[in-house]
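Next come the chains, spelled out residue by residue.
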Amino acid sequence: MLDDTRQQFEDYIADLFAVEDDALKLAHDAPDYHDMPQINVKPQDGALLAWLMRSIGARKAVELGTLAGYSGIWMARALPDDGKLYTVEASSKHAEVAHASFVRAGVELRVEILRGDALQMLDKLAAQGPFDFVFIDADKRSYAAYLAWAAEHLRPGGIVAAHNAYRGGHVLNPRGEDDQAMREFLAALASDDRLHGLVIPMGDGMAVGLKK
Ligand code: SAH
Ligand code: MG
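Residues numbered from 1 in each chain as written. Chains lettered and ligands numbered in written order. Predicted model: local features only at pLDDT ≥ 70, side-chain atom pairs only at ≥ 80, totals over all residues. Heavy atoms only, no water.

Q: Summarise the overall build of the protein; cite the residues concerned and give the values.
A: Scanning the protein from N- to C-terminus turns up eight helices and seven strands. In terms of C-alpha radius of gyration, the protein reaches 16 Å, essentially the compact-globule figure of 17 Å for 212 residues. Along the longest, intermediate and shortest principal axes, the C-alpha atoms of the protein span 45 × 40 × 30 Å. Looking at the protein residue by residue over its 212 residues, the buried ones come to 52%. (Helix = DSSP H or I, 4+ residues; strand = E, 2+ residues; numbered from the N terminus. Rg over C-alpha atoms; globule rule 2.2 N^0.38 Å. Buried < 20%, exposed > 50% of the residue type's maximum accessible area, 1.4 Å probe, protein only.)

Q: Talk me through the site of ligand 1; I want residue IDs and the actual numbers.
A: Taken together, 19 residues sit near ligand 1, with V41, S71, E89, H94 and D117 positioned nearest. Here V41 contributes a backbone N or O atom positioned 2.8 Å from an oxygen atom of ligand 1. For ligand 1, whose unbound accessible area comes to 580 Å², protein coverage reaches 88%. When the residues that make up the shell around ligand 1 are grouped by side-chain class, the tally is eight nonpolar, six polar and five charged. (Near = heavy atom within 4 Å. Polar contact = N/O pair within 3.5 Å; in protein donor to acceptor, adjacent residues only side chain to side chain. Areas by Shrake-Rupley, 256 points an atom, 1.4 Å probe, with all protein chains shown as cover. Nonpolar A, V, L, I, M, F, W, Y, C, P; charged D, E, K, R; others polar.)

Q: How would you explain a nonpolar patch on the surface if you had to name every residue and give the values?
A: Residues F9, Y12, I13, L16 and F17 make up a contiguous nonpolar surface patch of roughly 570 Å² in combined accessible area. With respect to the helices, strands and loops of the structure, I13 is situated in helix α1 (residues 4-17). With relative accessibility at 33%, the residue I13 sits in the partly exposed group. (Patch = residues over 30% accessible without salt bridge, like charges linked within 9 Å, V, L, I, M, F, W, Y side chains within 5 Å. Salt bridge = Lys/Arg side-chain N within 4 Å of Asp/Glu carboxyl O.)

Q: Could you give me a rundown of the packing of aromatic side chains, with the residues and numbers involved?
A: In total, this model carries three aromatic pairs according to the counting rule given. Both rings, one in F131 and one in W149, keep their centres 5.5 Å apart while their planes meet at 40 degrees; by these two values the pair is tilted. On the criterion of sequence distance, the pair formed by F131 in strand β4 (residues 131-136) and W149 in helix α7 (residues 143-153) is long-range, its members being 18 residues apart. For the pair formed by F131 and W149, the shared burial category is buried. Look at Y143 and F185: their rings are 5.2 Å apart centre to centre, the planes differ by 75 degrees, and that puts the pair in the edge-to-face class. Within this pair, whereas Y143 is found in helix α7, its partner F185 is found in helix α8 (residues 177-191), the two being separated by 42 residues in sequence. Here a set of aromatic residues connected by ring pairs shows up, and it is made of Y86, F131 and W149. Positioned over the ring face of F131 is K60, at 5.5 Å from the centre of the ring. (Phe/Tyr/Trp six-rings, centres within 6.5 Å; stacked < 30°, edge-to-face > 60°. Lys NZ or Arg CZ within 6 Å of the ring centre and 35° of its normal.)

Q: Lay out the nonpolar core with the relevant residues and their values.
A: Within the largest apolar cluster, 37 residues are counted, with the highest numbers of intra-cluster contacts made by M53, M75, F133 and F135. In terms of residue count, helix α3 (residues 43-55) provides more of this core than any other element does, six residues in total. Ignoring anything within four residues of it in the chain, the contact list for F135 reads V41, L49, V62, E63, L64, S71, M75, A161, A162, H163 and M206. Within the second largest apolar cluster, 30 residues are counted, among which are L114, A138, W149 and V160. (Core = buried A, V, L, I, M, F, W, Y, C linked by side-chain atoms within 4.5 Å. Contact = heavy atoms within 4.5 Å.)

Q: Explain α8 residue by residue, including any values.
A: Helix length check: α8 (15 residues) gives 21 Å between terminal C-alpha atoms against 21 Å at 1.5 Å per residue, within 8%. Buried within α8 we find D179, A181, M182, F185 and L189. Angular distribution of buried residues about the axis of α8 spans 155 degrees; they occupy a single face of the element. Among the exposed residues of α8, those oriented more than 90 degrees off its buried face are E177, A190 and S191. As for α8, its buried residues are in contact with β4, α7, β5 (154-163), β6 (195-200) and β7 (206-211). (Expected span 1.5 Å × (residues − 1). Arc of directions from axis to C-beta.)

Q: Hey, could you go over the coordination of the magnesium ion (ligand 2) for me, with residue numbers and the actual values?
A: Taken together, the protein ligands of the magnesium ion (ligand 2) are D137 (OD), H163 (ND1) and N164 (OD1), with distances of 2.1 to 2.2 Å. For the magnesium ion (ligand 2), the single-chain donor residues occur in sequence as D-x25-H-N. Residue D137 is located in the loop between β4 and α7, and its partner N164 is located in the loop between β5 and α8; the two are separated by 27 residues in the primary sequence. Each member of the pair D137 and N164 is classed as buried. (Donors = N, O, S within 2.8 Å, 3.2 Å for Na, K, Ca; no water.)

Q: So, the pairing of β7: which residues are in play, and what are the values?
A: A large share of β7 lies buried, amounting to five of its six residues. Hairpin connection from β6 to β7: five residues lie between these consecutive antiparallel strands, with G203 at a positive phi of about 50 degrees. (Pairing = 2+ DSSP bridges.)

Here you go:
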């Protein structure tokens, strides 16, 4: 979706600010080797998540949609040693691949993979709150419900971030339910008076909300 010039800027910025070690490179490529969708966030998105977490001193974070653990590694590394990332994944195969990624990255003690449907897991997770940071990157149709949960369970000054705000450009001209769901999510974020919302135009668009 990015035009050539924007893509060149993003690659330039990623080369400078989102340098990957072997563990990150392996996690990024893992979906190719395990017949999983290649839908990790981009390196610059990972660096953005880590930067946002560090900016608020995040210690307790939640991720919805683990895949192979790529974004999870970026997030876990932004936590202090006694910090915790709960990452929720519906597919046990993805969860298994992600676990191996977290071990390779040396962050497995800081990461708990919760296997199951995100909405059900969030119900259980609520007891561990409040949280500093929530990253939404699972099924688009539940984004609005995930946002509602985050708005309730973030601490004041906490941040919710959500991937794919642009839907590859289709948020402007929705093709189907997922694009429409993203529009509804963004409208909910914009009008939620518990949050300061915005979209950071990195990659496929990173929606963010700062809890008042
Ligand atoms: N955040 C990852 C990419 C996530 S891809 C990264 O950037 O590295 C989306 C993931 O969400 C997939 O692994 C998919 O299995 C999972 N998922 C989709 N719907 C879900 C649901 N309702 N509950 C939990 N996980 C879900
Ligand atoms: Mg995504």
